[in-house]
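Coordinate analysis (summary)
This is what each chain is made of:
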Amino acid sequence: DLVKALITVEGGCSLAQSGLVAEDFDAIPYLALKGDYTATSQQCQESVDAINARRSAGQGTAHAEYMKLDERGMLGVTHMMMLDANNLEIADLMLEWVGDNVPRVPRR
């Protein structure tokens, strides 16, 4: 109940190795983020595909996405993107994703 979303930055993305399954993300938005100095991660793609397969089957509602920054025209992004010259642009991109995909919790 405490997890509102998960963003993995250049992570392995393996649900199984983390003790998770796709249905764990039925109500938790998930973003796998990669820079352009690494190849597409098969684990990340498979994890996002498994979550989205549940959406196609009418199960769960949370958004899952594998965002490849090089495919979005953001070049020069390493796996240490928080240290890259365009780190604020990347942070803004993540904040925008959160704003679009994570439901706001009413204040008490």
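None of these values were measured; they are calculated from a predicted model. (Residues numbered from 1 in each chain as written. Predicted model: local features only at pLDDT ≥ 70, side-chain atom pairs only at ≥ 80, totals over all residues. Heavy atoms only, no water.)

Notes on the environment of Val105
Along the polypeptide, Val105 turns up in the segment after helix 2 (87-101). Among the residues examined, Val105 registers a relative accessible area of 56% and is labelled exposed. Along the sequence, Val105 and Thr61 sit 44 residues apart, while their C-alpha atoms lie 16 Å from each other. (Helix = DSSP H or I, 4+ residues; strand = E, 2+ residues; numbered from the N terminus. Buried < 20%, exposed > 50% of the residue type's maximum accessible area, 1.4 Å probe, protein only.)

Section: the state of the cysteines
This structure, assessed with the given rule, holds one disulfide. Residue Cys13 pairs covalently with Cys44 via a disulfide, S to S 1.9 Å. Sign of the S-S torsion, about 65 degrees for the bond between Cys13 and Cys44, identifies this disulfide as right-handed. With Cys13 in the loop between strand 1 (6-9) and strand 2 (30-34) and Cys44 in helix 1 (residues 42-56), this residue pair connects regions lying 31 residues apart in the sequence. (Disulfide = S-S within 2.5 Å.)

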